[in-house]
Amino acid sequence: DLFSLFEQELGRTISPMEVEIIKEWIHDGHTEELIKEALKEAIYNNVRNFKYIDRIIYNWTSKGLKTKKDIVKEKKNYRTTQVKKEPIYDYNWLEEE
């Protein structure tokens, strides 16, 4: 179940308050799939904090991401746009002639 997954991934027993936070995410209509992906993202970034996971969920839902497929597509698009950015050239304007 979702609560056991959080305990396993965080490496500790989750508190009653954290249980309520997870229940609130579910009550707000977030799917277990989305919550699991947010947990996975937090662990990947080496952050084991419910506030961080909550912000991930908030950011994804504000972008309209609801499924794992949506999230994977968004990450792929993000990486593509990052690669296409113009490089910043080092220009020494102090030694300009």
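What you see is a predicted model, and the numbers here were worked out from it, not measured in a lab. (Residues numbered from 1 in each chain as written. Predicted model: local features only at pLDDT ≥ 70, side-chain atom pairs only at ≥ 80, totals over all residues. Heavy atoms only, no water.)

J.: Could you give an account of unusual backbone geometry, with specific residues and numbers?
T.: Phi angles above zero are rare outside glycine, and N46 is one such case at about 60°. Relative to the assigned elements, N46 resides in the loop between α3 (32–44) and α4 (50–62). The class for N46 is exposed, based on a relative accessible area of 60%. (Helix = DSSP H or I, 4+ residues; strand = E, 2+ residues; numbered from the N terminus. Buried < 20%, exposed > 50% of the residue type's maximum accessible area, 1.4 Å probe, protein only.)

J.: Residues and numbers for the pattern of salt bridges, please.
T.: Summed over the entire model, instances satisfying the criterion amount to 5 salt bridges. With its nearest N and O atoms 2.8 Å apart, the salt bridge here joins R12 to E18. By relative accessible area, E18 is classed as buried at 13%. K23 is the partner of E20 in a salt bridge, and the nearest nitrogen-oxygen pair spans 3.9 Å. Residue E20 and its partner K23 are located together in helix α2 (residues 16–27), separated by 3 residues, close to a single helical turn. (Salt bridge = Lys/Arg side-chain N within 4 Å of Asp/Glu carboxyl O.)

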